[in-house]
There are 2 protein chains.
Amino acid sequence: MSEQTSFSADNEWQKLENQLCFPIYAVSRLLTKAYQPYLQTLDLTYPQYLVLLALWEHENLTVKELGEKLLLDSGTLTPLLKRMEQKQWLSRRRDPRDERSVIITLLPAGRALQQQACQVPHQLLDKMGLAPAEFEALRLQLQTLLTRLS
Amino acid sequence: MSEQTSFSADNEWQKLENQLCFPIYAVSRLLTKAYQPYLQTLDLTYPQYLVLLALWEHENLTVKELGEKLLLDSGTLTPLLKRMEQKQWLSRRRDPRDERSVIITLLPAGRALQQQACQVPHQLLDKMGLAPAEFEALRLQLQTLLTRLS
DNA sequence: TCAATTTTAATTGCACACAATCAAACATTG
DNA sequence: CAATGTTTGATTGTGTGCAATTAAAATTGA
């Protein structure tokens, strides 16, 4: 009975190792870093890669729609998209029917990246070393949490 | 049979919804945002909260040790720690026995925050709405992935 | 119709995050 | 003990992230 029985300062809930937030935060950053060597050869950052994943599925998206898919706001997307525009991967133009909206359109150079990046998911899967069942279980749990938080 | 039978561009592995990276990235950002209202009342950011979690367990840590615990490098920690020093939550001083190292020491104001923040983990647990078993399962899977990636 | 409200992207300001580089100081080795 | 190499924190530069604000344009409602 050497354990504390009082509600003392050694709060188990305040220990780093007992947090759920920390491993998520750390895994997210390490995973981004794990992509870096593959994306660097394509002159892509990780958030830019996510934008392309979205545009490869939908060639035209407004900034708002892109933000809804990636859960990012325009304050993040606007400068990022301007950099991608400079590299001729996409174009930014106002919607003539709604001058408030900016339409993002995939350009040929951006489409060309799709072929060059097609091995990236497999390479990362290898690096993570998760069995298919583990992968799917984790993805579903994160999906649940994502719904809960958004 | 209108579906493509060629190995065409609609690569299933390149769809946003089939990625593991995206939900981790998104959950991490949403979780940080979920902490914000609670931490804001304490004038804390989420990474600063993580630094305090570490210091509440170990009152003295070098920047290097802190980086090892949080998996952050000095380029991130140095400016963050300087801001926390200005608020008198911690002190930064050279190790007299090794002038290269900077020792971070928790100050009384930083210790006082521990009591004020003690409800934060419970509040977040509520917000996430995970059953204890789900929580633990997710934590273990992330721990595995963390080990694999670091 | 026309004033008030809402929607939208841009802008601004602050805080990470990290690669690359640097400089100082410690450690090692001959 | 001196030359060399390594460790360490700081610095610099780029790229996110996001809250708050702004400005323009569309929508709504009397």
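As the structure is a computational prediction, the values presented were derived from the model and not from experiment. (Residues numbered from 1 in each chain as written. Chains lettered and ligands numbered in written order. Predicted model: local features only at pLDDT ≥ 70, side-chain atom pairs only at ≥ 80, totals over all residues. Heavy atoms only, no water.)

**Focus: the protein's contact with DNA strand C**
As a reminder, the rule being used: Neighbouring residues are identified by heavy atoms, a residue being near a molecule or strand if any of them is within 4 Å of it. In protein, a polar contact requires one atom able to donate a hydrogen and another able to accept it; more generally it is a pair of N or O atoms within 3.5 Å, and residues adjacent in sequence count only if both atoms are side-chain atoms. A run of H or I in DSSP becomes a helix once it reaches four residues, and a run of E becomes a strand once it reaches two; helices and strands are each numbered from the N terminus.
Not every one of the 26 residues close to DNA strand C is listed here, only the nearest: Tyr 25, Lys 64, Thr 78 and Arg 100 of chain A together with Thr 45 of chain B. Restricting the count to atoms of DNA strand C within 4 Å of the protein gives a sugar and phosphate share of 85%. Here a phosphate oxygen of DNA strand C sits 2.7 Å away from a polar atom, N or O, in the side chain of Lys 64 of chain A. The separation between a base nitrogen of DNA strand C and a polar side-chain atom of Ser 74 of chain A is 3.3 Å. Residue assignment for the surface near DNA strand C shows that the elements contributing at least two residues are α1 (21-40), α3 (63-70), α4 (74-86), β2 (90-95) and β3 (98-106) of chain A together with α2 (46-57), α4 (74-86) and β3 (98-106) of chain B.

**Looking at the packing of helix α3 (residues 63-70) of chain B against α4 of chain B**
Think of two packed helices as two axes; the pair is described by the angle between the axes and how far apart they sit. Residue and element names in this part refer to chain B. Stated formally: Axis definition: a line fit to C-alpha positions, over the contact stretch in the case of helices; interaxial angles, taken between N-to-C directions, run 0 to 180 degrees. Should an angle lie under 35 degrees it is considered roughly parallel, over 145 roughly antiparallel, and from 65 to 115 roughly perpendicular; all remaining angles are considered oblique. The crossing is said to be left-handed when, going from far helix to near helix, the turn is anticlockwise and less than a right angle, and right-handed when the turn is clockwise. Any two residues whose heavy atoms approach within 4.5 Å are treated as being in contact. Note on residue classes: Ala, Val, Leu, Ile, Met, Phe, Trp, Tyr, Cys and Pro are nonpolar, Asp, Glu, Lys and Arg are charged, and everything else, Gly too, is polar.
Where α3 meets α4, the closest approach of the two axes is 10 Å, and the angle between their N-to-C directions is 115°. Classified by the angle their axes make, α3 and α4 are roughly perpendicular. Regarding α3 and α4, the two cross each other, and that crossing is right-handed. Contact with α3, carried on its side by Val 63, Leu 66 and Gly 67, involves Ser 74, Leu 77 and Leu 81 of α4 and no other residues of that element. Broken down by class, the residue content of the contact of α3 with α4 amounts to four nonpolar, two polar and no charged.

**Structural notes on the domain arrangement of chain A**
Spelled out, the test is: All the domain ranges listed were derived from an automatic or database domain assignment.
Partitioning chain A into domains gives domain 1 (43-117) and domain 2 (119-150). Using only C-alpha atoms to locate each centre, domain 1 of chain A and domain 2 of chain A end up separated by 24 Å.

**Topic: the interface of chain B and chain A**
Quick reminder of the rule: Any carboxyl oxygen of Asp or Glu within 4 Å of a side-chain nitrogen of Lys or Arg constitutes a salt bridge here.
Each side of the interface is counted separately: chain B has 57 residues, and chain A has 57 residues. Linking chain B with chain A are zero salt bridges, by the criterion used here. Here chain B and chain A share 17 residue pairs in polar contact (both at pLDDT 80 or more) between them. Secondary structure elements with two or more residues in the side of chain B that touches chain A: α1 (21-40), α2, α3, α5 (108-116), α6 (120-128) and α7 (132-149) of chain B. Per-element tally for the side of chain B that touches chain A: the top contributor is α1 of chain B, with 13 residues. Here the side of chain B that touches chain A is built from residues that sort into 37 nonpolar, eleven polar and nine charged.

**As for the pairing of β3 of chain A**
Residue and element names in this part refer to chain A. The cut-off we apply is this: At least two DSSP bridges between two strands are needed for those strands to be called paired.
Bridge analysis of strand β1 (residues 60-62) against β3 gives three bridges, and the strand direction is antiparallel. For Leu 61, the partnering residue across the bridge sits in β3 and is Ile 104. Bridge analysis of β2 against β3 gives six bridges, and the strand direction is antiparallel. When the bridges of β3 are listed, Asp 95 appears paired with Asp 98. Here β2 folds back onto β3 in antiparallel fashion, the turn holding two residues.

**A word on the nonpolar core**
Quick reminder of the rule: By convention a nonpolar core is built from buried Ala, Val, Leu, Ile, Met, Phe, Trp, Tyr and Cys residues, the set being connected through side-chain atoms within 4.5 Å. For every residue, the accessible area (1.4 Å probe, protein chains only) is compared with the maximum for its type, and the residue is labelled buried under 20%, exposed over 50%, or partly exposed between those bounds.
Ranked by internal contacts, the top residues of the largest apolar core, which has 100 residues, are Tyr 49 and Val 51 of chain A together with Tyr 49 and Val 51 of chain B. If sequence neighbours within four positions are ignored, Val 51 of chain B has contacts with Leu 66, Leu 70, Leu 77, Leu 80, Leu 81, Met 84 and Leu 90 of chain B.

**Some remarks on α3 of chain A**
Let me state the cut-off plainly: As used here, the arc belongs to the directions running from the helix axis to the C-beta atoms.
Every buried residue of α3 of chain A is accounted for by Val 63, Leu 66, Gly 67 and Leu 70 of chain A. Relative to the axis of α3 of chain A, the buried residues are bounded by an arc of 100° and lie together on one face. With respect to the buried face of α3 of chain A, the exposed residues turned more than 90 degrees away are Lys 64 and Glu 68 of chain A. Structurally, α3 of chain A contributes buried residues whose contacts are with α2 (46-57), β1, α4 and β3 of chain A together with α1 of chain B. Of the residues one or two after α3 of chain A, Leu 71 of chain A is the one with positive phi, at around 60°.

**Describing the relation of the copies chain B and chain A**
Note the threshold: Least squares is the method for superposing the copies, and the C-alpha atoms it fits come from residues with pLDDT of at least 70 in both.
Here chain B sits on chain A after a turn of 180° about the axis and a move of 0.0 Å along it, with an RMSD of 0.0 Å. What the rotation and shift describe, once combined, is the action of a two-fold rotation axis. Taken together, the interface assignments show that 100% of the residues at the interface of chain B recur at the interface of chain A, consistent with an identical surface on both copies.

**Things to note about the UniProt feature "domain: HTH marR-type" (unreviewed entry) in chain A**
What counts, and what does not: UniProt positions are given in the numbering used here, feature names are shortened, and annotations may be inferred rather than shown by experiment.
When the UniProt feature table is mapped to this numbering, "domain: HTH marR-type" (unreviewed entry) covers residues 17-150 of chain A. The span residues 17-150 of chain A is 66% helix and 13% strand, and its two end C-alpha atoms sit 25 Å from each other.

**What to know about the state of the cysteines**
In plain terms, the rule: Our working definition of a disulfide is a cysteine sulfur pair at a distance within 2.5 Å.
The final tally for this structure, using the stated rule, is zero disulfides over all chains. Distance from the sulfur of Cys 21 of chain A, which forms no disulfide, to the nearest cysteine sulfur (Cys 118 of chain B) is 15 Å.

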